[in-house]
Amino acid sequence: MKKVNFLILAFIVQSFVFGQAATRKIQIAILFDTSGSMEGLIEQAKSTIWSVVNTATEMSADGQAPTLEIALYDYGNSGISTTNWIRKHCNFITDLDSISGHLFSLRTNGGEEYCAAVIQTAMNELSWSSNPQDLKLIYIAGNEMFNQGPVDYKVILKDATQRNIVVNTIYCGPYEQGVRELWLDGVQLGQGSYFNIDSNQEVFFIETPYDNEIQKYNDSLNSTYLGYGEVGMHRAEKQKKEDLNAETKGQAASVERAVAKSNLNYKNNSWDLVDGVKAGQVNLAEMKEEDLPKEMQGMSKEEREKYILTKRSERQKFQNSINNLSVKRNEFIEIEKKKSIEAGKEKDLGEAMKASLKSTAQKNGFTHK
């Protein structure tokens, strides 16, 4: 009887941890070839990262938005001094500004591209979720033979399937050439998708009548962030830097970032006072004067609380305005995108990742707005 009771208790605990009580995750590991011929791939990634983030954020499961975690590796670069020329830039993190910063720091150089080795490294090193309901994805992009290097890709992809990690391959070149170089064979061994892109073409952006207004609201949104403590000032500057990085890729990329900053997965509890107080991570009454933003120094406890509530209300207003415009913007883009498909325009990196993300997520019980 005790054994039966123990099994029932274990089932209840597992149901609570992995069931509706837990927010589901979408984990995305991005593995980029940064050999000398991949400059175009990196530029596409910089241009489309916020669009991919927004697609993930638009998913929901059991009425809840999932937590988005992203990890980044590059490989095939002779400037990397580690075994098999593989470099991890970050483990799974929710800090979207840092992800953007890592992408914009990527540089290309010649080297040996070992696809199976970098997949194996990501599978072994990253903190993959143990929740079977979470979505675990790898996107690997490159343009050399998929079977190069000391690791057998067939063994690694079989292991990925057993661990419920979906490996998607993106070949930077003609479709049939990617097939010959085994990038399609790779995904056929698992659950993922194979795509090819022209990494040398510029990302095709669709401008909309809503872009300028969204950017104006983004400027207002930035005024609601209040850096605190030692890292607060630095991180506030980093936020502005990533805004500027997005702007260098054109207005559409900048607008996509503004939309991302208005969604639930853009959280800055560790440095922003508004997010920190809301998350219960900061005790406003006990904060040292020197750790407060300059505009709040000298305020009483009541004045601090009132000021934070005002900034939170302003932020919500600006985010709501951006999100409302984003709905209209997406409708406009979908109409224009059909025209571009009819005109024979190829998928870029962002479109390839978003298509497979939507498809795989929906197969795993997520819905898309």
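Structural data are supplied above this passage.
To start, this report covers the structure provided alongside it. Owing to the predicted nature of the structure, the values given are computational and were not obtained by experimental measurement.

Here is what the cut-offs are and how they apply
Residues numbered from 1 in each chain as written. Predicted model: local features only at pLDDT ≥ 70, side-chain atom pairs only at ≥ 80, totals over all residues. Heavy atoms only, no water. Axes fitted to C-alpha atoms, helices over the stretch in contact; angles between N-to-C directions. Helix = DSSP H or I, 4+ residues; strand = E, 2+ residues; numbered from the N terminus. Parallel < 35°, antiparallel > 145°, perpendicular 65-115°, else oblique. Left-handed = near helix turned anticlockwise from the far one by under 90°. Contact = heavy atoms within 4.5 Å. Disulfide = S-S within 2.5 Å. Buried < 20%, exposed > 50% of the residue type's maximum accessible area, 1.4 Å probe, protein only. Core = buried A, V, L, I, M, F, W, Y, C linked by side-chain atoms within 4.5 Å. Pairing = 2+ DSSP bridges.

### As for the packing of helix α8 (residues 211-222) against helix α10 (residues 251-260)
Part 1 of the argument: Across the interface, α8 lies against α10 with an axial gap of 9 Å and an inter-helix angle of 50°. Taken together, the axes of α8 and α10 are oblique relative to one another. The hand of the α8/α10 crossing is left-handed. Contact with α8, carried on its side by Asp-211, Asn-212, Ile-214, Gln-215 and Asn-218, involves Gln-251, Ser-254, Val-255 and Ala-258 of α10 and no other residues of that element.

### Concerning unusual backbone geometry
Part 1 of the argument: With phi around 65°, Asn-84 is a residue other than glycine that occupies positive phi space.
Part 2 of the argument: If you trace the backbone, Asn-84 turns up in the loop between β3 (67-75) and β4 (86-93).
Part 3 of the argument: The backbone of Trp-85 shows a phi angle near 55°, a positive value even though the residue is not glycine.
Part 4 of the argument: Examined against the element boundaries, Trp-85 turns out to sit in the loop between β3 and β4.

### Quick word on the state of the cysteines
Note: disulfide means a covalent bond formed between the sulfur atoms of two cysteine side chains.
Part 1 of the argument: In total, this model carries 0 disulfides according to the counting rule given.
Part 2 of the argument: Counting only cysteine sulfurs, Cys-172 is the nearest neighbor of Cys-90, a cysteine outside any disulfide, at a range of 20 Å.
Part 3 of the argument: With a relative accessible area of 7%, Cys-90 lands in the buried category.
Part 4 of the argument: Here Cys-172 stays unpaired: no disulfide links it, and the sulfur of Cys-115, its closest cysteine neighbor, is 10 Å away.

### Overview of the nonpolar core
Part 1 of the argument: Core analysis: the largest hydrophobic core is formed by 52 residues, its most contacted members being Phe-32 and Leu-357.
Part 2 of the argument: Considering each element in turn, this core owes the most residues, 8 residues, to helix α2 (residues 39-57).
Part 3 of the argument: If near-sequence neighbours (up to four positions away) are discounted, Leu-357 is found in contact with Ile-26, Ile-28, Val-52, Thr-55, Ala-56, Met-59, Leu-135, Leu-137 and Tyr-139.
Part 4 of the argument: Ranked by size, the runner-up nonpolar core spans 32 residues in total, among them Tyr-73, Ile-119, Phe-146 and Leu-184.

### Overview of the sheet that holds strand β5 (residues 135-142)
Part 1 of the argument: One open sheet accounts for 6 strands, arranged β4-β3-β1-β5-β6-β7; its pairing is mixed. Unpaired on one side and paired on the other, β4 and β7 (194-197) mark the two borders of the sheet. Within this sheet the neighbouring strands show an average axis-to-axis angle of 15°, counted without direction.
Part 2 of the argument: Examined bridge by bridge, β5 and strand β6 (residues 166-172) share 6 bridges and lie parallel to one another. Residue Tyr-139 lies in a different strand from β6, and its bridge partner there is Asn-168.
Part 3 of the argument: Strands β1 (25-33), β3 and β4 of the sheet are contacted by helix α3 (residues 96-105), whose axis makes an angle of about 165° with β4.
Part 4 of the argument: Of the strands in this sheet, β1, β5, β6 and β7 are in contact with helix α13 (residues 349-363), which crosses β5 at around 155°.

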